Amino acid sequence: MLLPLAACRQAPSEAATQAAMERTAGSKAAADGDVHKLTVRTGQGRMTLSGGNDMALPEAFPEDIYLPEGYRVRQVISMASATVVTVSVADGTASLMADAGAAMRERGWKQAASSGNANGAGLLIFEKDRRRAAMTFSTRGTADERVIQVQLTDKR
């Protein structure tokens, strides 16, 4: 579906990005400044993918999910069954995964699984009420920039 976020006049780079997104997905896309959105409709519903440098968290993002101080939202994927938010933090410490685990448990989440390596990359899975939060940790670019991807789903 066509998203109403595209500006009336687009810079050539925005128009090229929008056209490439539409060709790749076979759906309409919109580029609005530094934020690019793509909505795809399938037989299973609608998925919206947004990417940019400094985006806002989705309005419905739960307050009891840990995000490190100074995070920047890089990508949001919204579907009926899940929301996935990717954030980055400059100068992230190697203890970011341990910090997230402690903060989530303090906020009432029960840790269901974990996996990690010495470089600070890994996975934490938490459950609370009927919700599940899977958090993956990795580096991007330089080893100092850490990336956290949070996938939120309802337990069935």
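Scroll up to find the structure.
What you are looking at is a predicted structure, and each value in this text was computed from that prediction instead of being measured. (Residues numbered from 1 in each chain as written. Predicted model: local features only at pLDDT ≥ 70, side-chain atom pairs only at ≥ 80, totals over all residues. Heavy atoms only, no water.)

Caption draft 1: Up close: the pattern of salt bridges. Under the definition given, this model contains five salt bridges. Between Arg 132 and Glu 127 there is a salt bridge, with the nearest N and O atoms lying 2.5 Å from each other. In this structure Arg 132 comes out as partly exposed when scored by relative accessible area, which is 32%. It is possible to trace a salt-bridge network through shared partners that takes in Asp 64, Lys 128 and Arg 131. (Salt bridge = Lys/Arg side-chain N within 4 Å of Asp/Glu carboxyl O. Buried < 20%, exposed > 50% of the residue type's maximum accessible area, 1.4 Å probe, protein only.)

Caption draft 2: Molecular detail of the nonpolar core. Judged by nonpolar contacts, the single largest core of 24 residues is most densely connected at Ile 65, Met 104, Met 135, Phe 137, Ile 148 and Val 150. Elements with a contribution of two residues or more to this core: strand E4 (72–78), strand E5 (82–89), helix H2 (96–106), strand E7 (122–128), strand E8 (131–140) and strand E9 (142–154). A total of five residues in this core trace back to one element, the largest contributor, which is H2. Non-local contacts of Ile 65, meaning those with residues more than four positions away in its chain, are made with Met 104, Arg 107, Trp 109, Ala 133, Val 150 and Leu 152. (Core = buried A, V, L, I, M, F, W, Y, C linked by side-chain atoms within 4.5 Å. Helix = DSSP H or I, 4+ residues; strand = E, 2+ residues; numbered from the N terminus. Contact = heavy atoms within 4.5 Å.)

Caption draft 3: Seen up close, the pairing of E8. Here seven bridges tie E7 to E8, and the two strands are oriented antiparallel to one another. Within E8, the residue paired with Phe 126 across the bridge is Ala 133. Between the antiparallel neighbours E7 and E8 lie two residues, among them Asp 129 with a positive phi of about 55°. (Pairing = 2+ DSSP bridges.)

Caption draft 4: Representation of the pairing of E7 in the model. For E7, the buried fraction is high: five of the seven residues fall into the buried class. Summarising the sheet, strand E6 (residues 110–116) and E7 pair through six bridges and their orientation is antiparallel. If you follow Ala 113 over to E7, its bridge partner there is Ile 125.

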